[in-house]
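# Chain and residue survey
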Amino acid sequence: MKQAIFFIAAILCCSAVFSQNDEKANILAVEKSTADAFTKHNVVYINSVFTDDATIVNAKGEVVSKQQLMQYVPNINSVVLSDMQVKIIGAVAVVTGIE
């Protein structure tokens with residue numbers, strides 16, 4: 001009986017880990033698509049990715065609003081992402097990396 005309970009607990013833990021890994025992969029895919037949209041000046045896609053009340057920290061460490069970000073899009077020539085890390089805390093994902 002103890003082995004059965006351990007097995008079920010192990011399956012549930014593994015399922016949660018795989019699920020979180022899938023979520024992280026999906027988030028990283030959106031990050032890469034967004035970087036591509038910035039280089040192509042695809043404001044429609046960028047506008048759809050960020051909520052109106054989004055808070056963005058730019059490469060200089062400045063906190064900007066979505067409206068400020070959208071004004072800057074035409075000036076972006078390239079975006080290179082590296083060392084991307086995703087941390088999921090409840091319903092929130094925090095993505096960090098080097099631009």
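Reading the values: rules and limits
- Residues numbered from 1 in each chain as written.
- Predicted model: local features only at pLDDT ≥ 70, side-chain atom pairs only at ≥ 80, totals over all residues.
- Heavy atoms only, no water.
- Helix = DSSP H or I, 4+ residues; strand = E, 2+ residues; numbered from the N terminus.
- Buried < 20%, exposed > 50% of the residue type's maximum accessible area, 1.4 Å probe, protein only.
- Contact = heavy atoms within 4.5 Å.
- Areas by Shrake-Rupley, 256 points an atom, 1.4 Å probe, with all protein chains shown as cover.
- Patch = residues over 30% accessible without salt bridge, like charges linked within 9 Å, V, L, I, M, F, W, Y side chains within 5 Å.
- Salt bridge = Lys/Arg side-chain N within 4 Å of Asp/Glu carboxyl O.
- pLDDT = per-residue confidence, 0-100.
- Polar contact = N/O pair within 3.5 Å; in protein donor to acceptor, adjacent residues only side chain to side chain.

In terms of regular secondary structure, the protein is built from three helices and four strands. The burial tally for the protein puts 16% of its 99 residues in the buried class. Pairs at least 24 apart in sequence give 39% of the contacts found in the protein among residues at least 6 apart. Of the roughly 7600 Å² of accessible surface on the protein, a fraction of 59% belongs to carbon and sulfur atoms.

Together, Ile 89, Val 92 and Val 94 make up a nonpolar patch on the protein surface, roughly 250 Å² of accessible area in all. Secondary-structure assignment places Val 94 in strand 4 (residues 92-98).

Turning our eyes to something else, we now look at the confidence of the model for the protein. For the protein, the mean per-residue pLDDT works out to 80, and 81% of the residues sit at or above 70. Per-element confidence in the protein is highest for helix 2 (residues 43-49), whose mean pLDDT is 93, and lowest for helix 1 (residues 2-39), whose mean pLDDT is 68. Here residues 1-18 is modelled with pLDDT under 50, and outside its nearest four sequence neighbours on either side it reaches zero contacts, counting other chains as well.

Mapped onto the secondary structure, Lys 66 falls in helix 3 (residues 66-72). Judged by its relative accessible area of 5%, Lys 66 is buried. Only 2.8 Å separates the side chain of Lys 66 from the side chain of Asn 47, close enough to count as a polar contact.

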